[in-house]
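Here are the chains, one letter per residue:
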Amino acid sequence: TGIVNVGGFVASLLVVLGIGLVLDAATPGGAHYSPHAYTLAMCVQYAFWVLGGTQVLRYRRRARAHLEESQPDAYRAMRGF
């Protein structure tokens with residue numbers, strides 16, 4: 001849906017912003033960025049991956065529990081019972 005698309009877009013923007021901030025912090029004075037600075041900066045995305053994966057698992061569990069409670073026949077069909 002549109003909400004998911006906007007969430008992904010905002011997360012991407014935040015990752016790009018975080019990478020830029022880490023690059024600036026790891027290379028004071030505006031000199032050329034070192035490979036180590038890039039390595040540190042690219043690690044920013046891992047925090048977002050962990051957060052996103054955690055939220056997917058969290059809401060998947062909630063959605064399945066809600067489906068089981070509200071539509072048990074559909075839940076059983078989904079589970080293959």
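Keep in mind it's a predicted model, so treat the numbers as computed, not measured.

> Would you explain the environment of Cys-43 in this entry?
As for its position among the elements, Cys-43 is in the loop between helix H2 (35-42) and helix H3 (44-70). Distance from Cys-43 to Gly-18, taken between C-alpha atoms, is 9.6 Å for residues 25 residues apart in sequence.

> Can you help me understand helix H1 (residues 2-26) in this one?
Counting along an α-helix, one turn takes 3.6 residues, and residues three or four places apart therefore face a common direction. Spanning 25 residues, H1 covers 36 Å between terminal C-alpha atoms, matching the ideal 36 Å at 1.5 Å per step. Taken as a whole, H1 has its buried residues at Val-15, Gly-18, Ile-19 and Leu-23. On its buried face, H1 is in contact with H2 and H3.

> Can you help me understand the pattern of salt bridges in this one?
Think of it this way: side chains of opposite charge can pair up when their charged atoms draw near. A complete count under the given rule lists one salt bridge for this structure. One salt bridge connects Arg-76 with Asp-73, and the closest N-O pair in it is separated by 2.4 Å. Highlighted residues: Arg-76 and Asp-73, both in helix H4 (residues 72-79), separated by three residues, approximately one helical turn. Given the relative accessible area of 56%, Asp-73 is considered exposed.

Thresholds applied
Residues numbered from 1 in each chain as written. Predicted model: local features only at pLDDT ≥ 70, side-chain atom pairs only at ≥ 80, totals over all residues. Heavy atoms only, no water. Helix = DSSP H or I, 4+ residues; strand = E, 2+ residues; numbered from the N terminus. Expected span 1.5 Å × (residues − 1). Buried < 20%, exposed > 50% of the residue type's maximum accessible area, 1.4 Å probe, protein only. Contact = heavy atoms within 4.5 Å. Salt bridge = Lys/Arg side-chain N within 4 Å of Asp/Glu carboxyl O.

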